[in-house]
Amino acid sequence: MLKNYRKTILAVIFMTVFLLSFPHAAFAEDIASSKIFTGSMKLFEDLGKALMIAAPVAGVPILAYFWLRRGAADEMDQKSWNKRIVVALISVLGVELTGVIISVAMYYYA
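Residues numbered from 1 in each chain as written. Predicted model: local features only at pLDDT ≥ 70, side-chain atom pairs only at ≥ 80, totals over all residues. Heavy atoms only, no water.

A short note on the overall build of the chain
Step number 1: Helix and strand counts for the chain come out as four helices and zero strands.
Step number 2: Taken from N to C terminus, the helices and strands of the chain fall in the order α-α-α-α.
Step number 3: Relative to its 110 residues, the chain shows a buried fraction of 13%.
Step number 4: A separation threshold of at least 6 residues defines the contact pool for the chain, and within that pool the share at least 24 residues apart is 66%. (Helix = DSSP H or I, 4+ residues; strand = E, 2+ residues; numbered from the N terminus. Buried < 20%, exposed > 50% of the residue type's maximum accessible area, 1.4 Å probe, protein only. Contact = heavy atoms within 4.5 Å.)

Considering the packing of helix 3 (residues 35-72) against helix 4 (residues 75-109)
Step number 1: Packing of helix 3 against helix 4 leaves a shortest axis separation of 8 Å and a crossing angle of 165°. Between helix 3 and helix 4, the interaxial angle falls into the category roughly antiparallel. Crossing handedness for the pair helix 3 and helix 4: left-handed.
Step number 2: By residue class, the composition of the contact of helix 3 with helix 4 is 22 nonpolar, seven polar and six charged. (Axes fitted to C-alpha atoms, helices over the stretch in contact; angles between N-to-C directions. Parallel < 35°, antiparallel > 145°, perpendicular 65-115°, else oblique. Left-handed = near helix turned anticlockwise from the far one by under 90°. Nonpolar A, V, L, I, M, F, W, Y, C, P; charged D, E, K, R; others polar.)

A look at the nonpolar core
Step number 1: Among the nonpolar cores identified, the biggest contains six residues, and these are L63, F66, A73, W81, I85 and A88.
Step number 2: Secondary structure elements with two or more residues in this core: helix 3 and helix 4.
Step number 3: Counting residues per element, this core draws most heavily on helix 4, which supplies three residues.
Step number 4: Excluding residues within four positions of it along the chain, W81 makes contact with Y65, F66, R69, R70 and A73. (Core = buried A, V, L, I, M, F, W, Y, C linked by side-chain atoms within 4.5 Å.)

Regarding helix 4
Step number 1: The end-to-end C-alpha separation of helix 4 is 51 Å, in line with the 51 Å expected for 35 residues at 1.5 Å each.
Step number 2: Every buried residue of helix 4 is accounted for by W81, I85, A88, G99, I102, S103 and M106.
Step number 3: The secondary structure elements touched by the buried residues of helix 4 are helix 3. (Expected span 1.5 Å × (residues − 1).)

Comments concerning a nonpolar patch on the surface
Step number 1: A surface patch of nonpolar side chains, amounting to about 670 Å² of accessible area, comprises L97, V100, I101, V104, Y107 and Y108.
Step number 2: Looking at the element boundaries, L97 is found in helix 4. (Patch = residues over 30% accessible without salt bridge, like charges linked within 9 Å, V, L, I, M, F, W, Y side chains within 5 Å. Areas by Shrake-Rupley, 256 points an atom, 1.4 Å probe, with all protein chains shown as cover. Salt bridge = Lys/Arg side-chain N within 4 Å of Asp/Glu carboxyl O.)

Honestly, that's just the spatial picture; any functional story needs more than this.
Here it is, written out as structure tokens:
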């Protein structure tokens, strides 16, 4: 067991020395101007916008259906529909909040 830890520590030390021995380092300017980075930033921006649009569009019909079913249910079934409504509301708010967080984060990096 101890031998595995020694091997792992030696491998980490070797890789660290190996990577630090290169004189050319990647600068933030090189990364920020790369196509992969700029494309990823645009992808995340679009994802945030899409989540903010899709959450209410998908959530409102589902909530309307749950409220309609709750209104037609008896007292025992109303409790289960109430739980479904709460879960649906929390899910829609969670997706909306995720989209907002992604959009705000991408705004600061752009």
